[in-house]
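Each chain, written out:
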Amino acid sequence: MKINQEYIKEFSAKLLAIPSPTGYSHKAIEFLKQEAESLGFDCKVNPKGNLMIYVSGSDSQKTVGISGHVDTLGLMVRSISSSGTLKVTNLGGPIIPTLDGEYCTVITRDEKMYSGTILFTSPSQHVHKDASSGVRNIDTIEVRLDEKVKNKEDVEKLGIFNGDFVAIDPKTTWTDSGFIKSRFLDDKISVAIMFAVLKQLKEESIQPKNNHIFIISTFEEVGHGTSWIPEEIEEMLAVDMGCIGLDLSCTEYDVSICAKDSSGPYDYQMTSDLIDLAKKEQCSYAVDIYPMYGSDVSAALRAGQNIKGALIGPGVHASHGMERTHMDAIISTMKLLYAYIKN
């Protein structure tokens, strides 16, 4: 199959630049809806905020769900200190020490945006004895606003209040050697892969046998992204990042096929078929078990959906921190997803 690498690079960079901490994903969904409609697909946004993209099949007796999530990790304003800094609570599970020194954007309820920096509460080596040794956790980091604020009242005059979202700068970079390094490749790089497949289907005038609903979910990072799915879906494939490390086989150059995660084993036949397809398509792949992981398929199964499900995705290093993957993994994931849909 033809792989449009430039489309993937440009699309992923645009998507990663749109702030979408879990609970504030509507801007990203608007972007994705426009893109899907420009490719000629019918779309709908459900009350929860998830985007449904419909791909008609030649045989309408079966409907397959393909899911990826656009919500990311982030922070929310918990309180405003007397000195004008912002105390925060986490959205999802970011690795808190990696946030020290990161740039961020505070988004108010009236859509004003203010830049800031996430810092340890003892930020200066020249002042604080524990600047290097202190523990970085959610109670010892805060946001320093790039505004002339000296107290809580000054901050509130800007329109910043408790419950406002804090989006973390992804720092997206594509390297000449084929790597993309960025926060939130989990799961925006998978969404980019899904859209590259949609574009390929349209350009090649491919009509798969089954109906497909591509679901872009908005609450995966807090565990209920696809707790509701359309009732006609019989099987569902989540496209989400593959883990790297410890005794895992996956690398940044592979498509991961997950046999089991924290919710239990994925469907035996679907997983076996995906392994066979990966071999047939000559994908670089790995089969692994992720004990501290859950996907949109996990959420659907836990919510009682009567489906069978499986999970694939590109290998991503340093998940929930400063993540990285390679175009090789992206290409293998795209080839496997495309083959799954066509077959």
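Let us look at the structure shown here. Note that the coordinates shown come from a computational prediction; the quantities given were computed from them, not determined experimentally.

Moving on, we get to the packing of helix H1 (residues 5-16) against helix H7 (residues 327-342). Two elements in contact, H1 and H7, have axes whose closest approach is 12 Å; the angle formed by their N-to-C orientations is 105°. Relative to H7, H1 is oriented roughly perpendicular. On H7, the residues touching Gln5, Ile8 and Lys9 of H1 are Met327, Ile330, Ile331 and Met334. Of the residues belonging to the contact of H1 with H7, the class tally is five nonpolar, one polar and one charged.

Moving on, we get to empty space enclosed by the protein. Applying the stated criterion across every chain, the model contains one cavity of 30 Å³ or more. As for the largest cavity, its lining consists of Asn4, Tyr7, Ala196, Lys199, Gln200, Glu203 and Met334. Examining the composition of the lining of the largest cavity, we find that four residues originate from one element, helix H4 (residues 185-203), more than from any other. Grouping the constituent residues of the lining of the largest cavity by class yields three nonpolar, two polar and two charged.

Turning our attention to the pattern of salt bridges. Tallied over the entire structure, the rule returns nine salt bridges. Here Arg78 and Asp139 are joined by a salt bridge, their closest N and O atoms 3.1 Å apart. Here Arg78 is found in strand E4 (residues 74-80), whereas its partner Asp139 is found in the loop between strand E7 (113-120) and strand E8 (141-145), with 61 residues between them in sequence. In this structure Asp139 comes out as partly exposed when scored by relative accessible area, which is 47%.

Our next topic: the packing of aromatic side chains. If you walk through the whole model with that rule in mind, you get six aromatic pairs. Plain terms: the ring middles of Tyr7 and Phe11 are 5.6 Å apart, the flat faces sit at 25° to each other, and that makes the pair stacked. You can see Tyr7 and its partner Phe11 sitting in helix H1, four residues apart, about one turn around the helix. There is no split in this pair, since Tyr7 and Phe11 are both buried. Taken together, Tyr7, Phe11, Phe31 and Phe195 form an aromatic cluster joined through their ring pairs. Over the face of the ring belonging to Phe120 we find Arg136, whose NZ or CZ atom lies 3.9 Å from the ring centre. The ring of Phe41 carries the charged tip of Lys202 above its face, separated from the ring centre by 4.3 Å.

Looking now at the sheet that holds E4. One key point about sheets: their strands pair by backbone hydrogen bonds, in either a parallel or an antiparallel sense. Here we have six strands rolled up into a closed barrel, ordered E4-E5-E8-E7-E6-E9, and antiparallel in their pairing. For this sheet, the mean inter-axis angle between neighbouring strands, taken without regard to orientation, is 40°.

This paragraph deals with the side chain of Asn50. Along the chain, the position of Asn50 falls in the loop between strand E1 (42-45) and strand E2 (51-55). Reaching out from Asn50, the side chain makes a polar contact with the side chain of Thr218 at a distance of 2.9 Å. Discounting residues that sit within four places of it in the chain, Asn50 has contacts with Lys44, Val45, Ile215, Ile216, Ser217, Thr218 and Gly225.

Turning our attention to the layout of surface pockets. Volume-wise, the largest pocket comes out at about 620 Å³. The wall of the largest pocket is formed by 34 residues, among which Met241, Cys243, Met292, Tyr293 and Gly294 lie closest to the centre. Looking at the lining of the largest pocket, the elements that each hand over two or more residues are strand E16 (285-290) and helix H6 (296-302). It is H6 that contributes the most residues to the lining of the largest pocket, four residues altogether. Along the lines of polarity and charge, the residues of the lining of the largest pocket split into 15 nonpolar, twelve polar and seven charged. Size it by volume and the second largest pocket reaches roughly 240 Å³. Looking at the lining of the second largest pocket, the elements with two or more residues in it are helix H5 (268-280) and H7. The biggest single contributor to the lining of the second largest pocket is H5, with four residues. Partitioning the lining of the second largest pocket into residue classes produces five nonpolar, four polar and four charged.

This paragraph deals with the nonpolar core. Counting 100 residues, the largest nonpolar core has Leu32, Ile53, Ile66, Phe195, Ile216 and Leu337 as its most contacted members. In terms of residue count, the dominant contributor to this core is H4 (eleven residues). Not counting chain neighbours up to four residues away, the residues in contact with Ile66 comprise Met194, His212, Ile213, Phe214, Ile215, Leu237, Val239, Leu337, Tyr340 and Ile341. Formed by six residues, the second largest nonpolar core is a distinct cluster that contains Tyr24, Leu91, Ile107 and Phe165.

Basis of the calculations
- Residues numbered from 1 in each chain as written.
- Predicted model: local features only at pLDDT ≥ 70, side-chain atom pairs only at ≥ 80, totals over all residues.
- Heavy atoms only, no water.
- Axes fitted to C-alpha atoms, helices over the stretch in contact; angles between N-to-C directions.
- Helix = DSSP H or I, 4+ residues; strand = E, 2+ residues; numbered from the N terminus.
- Parallel < 35°, antiparallel > 145°, perpendicular 65-115°, else oblique.
- Contact = heavy atoms within 4.5 Å.
- Nonpolar A, V, L, I, M, F, W, Y, C, P; charged D, E, K, R; others polar.
- 1 Å grid on protein atoms, 1.4 Å probe; cavity = no way out; pocket = protein on both sides within 12 Å on 5 of 7 lines; lining within 4 Å.
- Points joined across faces, edges and corners; volume = space filled by probe spheres on them.
- Salt bridge = Lys/Arg side-chain N within 4 Å of Asp/Glu carboxyl O.
- Buried < 20%, exposed > 50% of the residue type's maximum accessible area, 1.4 Å probe, protein only.
- Phe/Tyr/Trp six-rings, centres within 6.5 Å; stacked < 30°, edge-to-face > 60°.
- Lys NZ or Arg CZ within 6 Å of the ring centre and 35° of its normal.
- Pairing = 2+ DSSP bridges.
- Polar contact = N/O pair within 3.5 Å; in protein donor to acceptor, adjacent residues only side chain to side chain.
- Core = buried A, V, L, I, M, F, W, Y, C linked by side-chain atoms within 4.5 Å.

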